[in-house]
Amino acid sequence: MLVKRVFLFLIVSLPLFAGVKNLTLSHAINILKKDNLELKVARFKEDMKSYEAKVAKGYNYGKLDLNIMGMRSNDAGNVFGFKLQSREATFGDFGFAEFDMSGQTNPLPVAPKSLNYPDPRNHFQTKLTYMLPIYTGGKLTEYGRITDALYRMSKYDTHKLLNEKVFQVKKAFYDISLVEHYISNLSKIISNIRRLKRIVKSMKKEGYAKDIDVLEVQARGAEAMSMYNQAKLNRDLAYQFLSFLLNRDVTSIRRVSDKAPMPHITKASLEAKNIDMQKALLGEKIAKMAVNVEKSNFLPTVGAFAEYSSADDVLWNDFKDKDAYTVGVQVKINLFNGGIDAANLEKAKARHLMVENQVLLAKRGIALKAKKLKTEILSADADIRSYAKQLRFARKVYKNYRARYKEGMVSISDVLIKQSKELEVLLKSLTAKNRRNIKVFELEALVNKENSGKVYNVKKALK
């Protein structure tokens, strides 16, 4: 019975431990958005910023405290104060009962024992205190807007991190696909080398080839096999990195094309969706808010407070009969602090001007980077087309030289040189495709393709 349960558990648990197979790129990106550990950390940072924004807004509503205090004392001042707070003080507490009321003696030198040596007394006080900022020169309002803007900034940081991780996932997919293509071509080349090896051995038996010819072909075969094994190791490494990004084991993917599609990008979409541009615009807004915060130091602050309390030697005894209240308003104006506020205001203004210029720099820099990436992609496309033609030519030349070797018209070294040319062009083509794909993914990240429609409009959000 126990064996059956264990067997059933293993069958049910098998999908949990098995790796993901035949994974598509779109599915991988969905998994990334949900399970990537770095993105989860970034979202926790977002949550913390949102709570900071709530804290800043909470200061506008003031503070209400309930304070319940219990004491016992025989200190003369404390006991008399307790009786006053409890509204129980009498003339007897001043020692009037100990005075000679006949007027025959002077009562002034008499030290009343009931006043100086009172009996111990309990004291319980319940107090509600409410403090409210009425006017702060706009400081609290600006702090609330700044913390809200910082929360939005954290969302931009998360979006930027997502773009980076999507870039890495796409690169891993295309790297694996390119390596698979490379391995397939290497397999064909290794097969051709083996065929050539059989030809050389056959010709050696007939006396038309030497031992050195066989050794040359064997050396080339070992070199090609080494490249083949290295390619497989690189593919395994790419799978391990992809598994790390998705936080789950990936054993196989659905291959994509050798060349990633070129994204369509306009100047308007670049300025509207680029994360760095939006962060720069938001930074400008925050800098302007910081100027308003410094300006508030030149304005008065007004606060109000109210207290309601009741005290007695028994907790909550005769609460209503012994209650008391206090209300008040405080106005505070800073008249002089050595010019510190003025210096801080000018510093904030200078920072605002600096950030405005950084926004202009970001606009031009991002546009220039987009043009550069497009140019590099088009250049790589030209290289890929050229290498495709060279590869077809190299293969034909190799077949031609192999046929001529059979006829004794060229040496085995000549044949292997032509075969090396094929391998060289294949590597160049692979490198060019990889370089082109990287530039395409960088361009997609530049326009925030994965967060399309989710970017905050800074101007609307912070009005």
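Conventions we followed
- Within each chain, residues carry numbers counting from 1 in the order of the written sequence.
- A pLDDT threshold of at least 70 governs which residues receive local features in this predicted model, and a stricter bar of 80 or more applies before side-chain atom pairs are shown or counted, although totals over entire chains, interfaces and linings include all residues.
- Hydrogen atoms and water are omitted, and side-chain values are computed over all heavy atoms in the structure.
- Only runs of H or I of at least four residues qualify as helices and only runs of E of at least two qualify as strands under DSSP, and these elements are numbered from the N terminus.
- Working rule for helices: expected span equals 1.5 Å times residues minus one.
- What counts as a salt bridge is simple: a side-chain nitrogen of Lys or Arg found within 4 Å of a carboxyl oxygen of Asp or Glu.
- Burial here depends on accessible area, computed with a 1.4 Å probe over protein chains only, as a share of the maximum for the residue type. Under 20% is buried, over 50% is exposed, and the range in between is partly exposed.
- Pairing between strands requires that DSSP locate at least two bridges from one strand to the other.
- Axis geometry follows a simple rule: fit a line to the C-alpha atoms, using only the stretch in contact for helices, then measure angles between N-to-C directions, giving values from 0 to 180 degrees.
- Whether two residues touch is decided by their heavy atoms; if any such pair falls within 4.5 Å, the residues are in contact.
- Side-chain rings of Phe, Tyr and Trp, where Trp is taken by its six-membered ring, are said to pair if the distance between their centres is within 6.5 Å; with planes under 30 degrees apart they count as stacked, over 60 as edge-to-face, and otherwise as tilted.
- Counting as a charge over the ring demands two things of the Lys NZ or Arg CZ atom: a distance within 6 Å of the ring centre and an angle within 35 degrees of the ring normal.
- Here a patch means residues that are over 30% exposed by relative accessible area and free of salt bridges, tied together within 9 Å if like-charged and within 5 Å if nonpolar (Val, Leu, Ile, Met, Phe, Trp, Tyr).
- Using the Shrake-Rupley algorithm and a 1.4 Å probe, accessible areas are obtained, with residue cover drawn only from the displayed protein chains.
- As used throughout, the charge tally considers Lys and Arg to be positive and Asp and Glu to be negative, leaving His and the chain termini uncounted.
- To locate a charge, take atom NZ for lysine, CZ for arginine, CG for aspartate or CD for glutamate.
- Working definition of a nonpolar core: buried Ala, Val, Leu, Ile, Met, Phe, Trp, Tyr and Cys residues. They are joined through side-chain atoms within 4.5 Å.
- What qualifies as a polar contact is a pair of N or O atoms within 3.5 Å, subject to a donor-acceptor requirement within protein and to the restriction that residues adjacent in sequence count only when both atoms come from side chains.

### Observations concerning the environment of Leu37
And then number 1: Looking at where Leu37 falls in the secondary structure, it is placed in helix α3 (residues 37-58).
And then number 2: Spatially, the C-alpha atoms of Leu37 and Leu246 are 8.3 Å apart, while their sequence positions differ by 209 residues.

### Points about helix α7 (residues 211-246)
And then number 1: Here α7 spans 53 Å end to end across 36 residues, near enough to the 52 Å set by a 1.5 Å rise per residue.
And then number 2: Backbone geometry just downstream of α7 places Asn247 in the positive-phi region, at approximately 60°.

### Considerations on the pattern of salt bridges
And then number 1: Overall, the coordinates contain 28 salt bridges when judged by the stated rule.
And then number 2: Asp175 is the partner of Lys171 in a salt bridge, and the nearest nitrogen-oxygen pair spans 2.8 Å. Here Asp175 and Lys171 lie together in helix α6 (residues 139-205), a separation of 4 residues that amounts to about one turn.
And then number 3: With relative accessibility at 26%, the residue Lys171 sits in the partly exposed group.
And then number 4: Close ionic contact of Lys439 with Glu376 constitutes a salt bridge, the shortest N to O distance being 3.4 Å.

### A closer look at the sheet that holds strand β2 (residues 121-135)
To summarise the sheet geometry, strands pair through backbone hydrogen bonds and adopt either a parallel or an antiparallel arrangement.
And then number 1: The 4 strands lie next to each other as β1-β2-β3-β4, forming an open sheet whose pairing is antiparallel. Single-partner strands in this sheet number two, and they are β1 (63-73) and β4 (323-332). Sheet twist, expressed as the mean angle between neighbouring strand axes with direction ignored, is 20°.
And then number 2: In terms of strand pairing, β1 meets β2 through 11 bridges, oriented antiparallel. Bridge assignment links Leu64 to a residue of β2, and that residue is Tyr130.
And then number 3: The sheet contacts of helix α4 (residues 76-85) involve β1, β2 and β3 (301-312), and relative to β2 the element is tilted by about 65°.

### A few points about the packing of aromatic side chains
And then number 1: Per the stated rule, a full pass over the model turns up 4 aromatic pairs.
And then number 2: Summarising the aromatic geometry, the rings of Tyr308 and Phe319 are spaced 6.2 Å apart at their centres and angled 55° between planes, so their arrangement reads as tilted. You can see Tyr308 sitting in strand β3 and its partner Phe319 sitting in the loop between β3 and β4, a full 11 residues away along the chain.
And then number 3: Connected via pairs of aromatic rings, a cluster forms that spans Phe167, Tyr174 and Phe441.
And then number 4: Above the face of the Tyr401 ring, Arg404 is positioned so that its terminal group lies 5.0 Å from the ring centre.
And then number 5: Sitting above the plane of the Tyr401 ring, Lys418 keeps its charged end 5.2 Å from the centroid.

### So, a positive patch on the surface
And then number 1: Taken together, Arg194, Arg195, Arg198, Arg385, Lys389, Arg392, Lys396, Lys399 and Lys406 make up a surface patch of like positive charges.
And then number 2: Every element with two or more residues in the positive patch is listed here: α6 and α10 (340-406).
And then number 3: Among the elements that make up the positive patch, the one with the highest residue count is α10 (6 residues).
And then number 4: Counting through the fold element by element, Lys396 comes out in helix α10.
And then number 5: Judged by relative accessible area, Lys396 falls into the exposed class, the value being 63%.

### Re the environment of Lys83
And then number 1: Looking at the secondary structure, you find Lys83 in helix α4.
And then number 2: A C-alpha to C-alpha distance of 9.0 Å links Lys83 and Arg121, two positions 38 residues apart in sequence.

### Some points on the nonpolar core
And then number 1: One finds Leu23, Leu32, Val169, Phe173, Leu242, Leu246 and Ile253 to be the most contacted residues of the largest nonpolar core, which totals 44 residues.
And then number 2: The contacts of Val169, once residues within four sequence positions are left out, are Leu25, Ala28, Ile29, Leu32, Leu242, Leu245 and Leu246.
And then number 3: With 34 residues, the next largest nonpolar core counts Ile189, Ala209, Tyr405 and Leu430 among its residues.

### Quick notes on the side chain of Ser73
And then number 1: Mapped onto the elements, Ser73 comes out in strand β1.
And then number 2: For Ser73, the side chain forms a polar contact with the side chain of Asn78, separated by 3.3 Å.
And then number 3: Dropping the residues within four chain positions of it, Ser73 is found in contact with Asn78, Val79, Phe82, Asp119, Pro120 and Arg121.

### Structural notes on a nonpolar patch on the surface
And then number 1: A surface patch of nonpolar side chains, amounting to about 1,000 Å² of accessible area, comprises Leu64, Leu66, Ile68, Leu128, Tyr130, Tyr308, Leu315, Trp316, Tyr325 and Val327.
And then number 2: The set of elements that each furnish at least two residues to the nonpolar patch consists of β1, β2 and β4.
And then number 3: By residue number, the principal contributor to the nonpolar patch is β1, which donates 3 residues.
And then number 4: Structurally, Tyr130 is set in strand β2.
And then number 5: For Tyr130, a relative accessible area of 32% translates into the label partly exposed.

### Section: unusual backbone geometry
And then number 1: Of note, the phi angle at Arg87 is positive, near 60°, even though the residue is not glycine.
And then number 2: Residue classification places Arg87 among the exposed positions, given a relative accessible area of 52%.
And then number 3: Positive phi, close to 60°, is recorded for Asn247, a residue that is not glycine.
And then number 4: Along the chain, the position of Asn247 falls in the loop between α7 and α8 (267-273).

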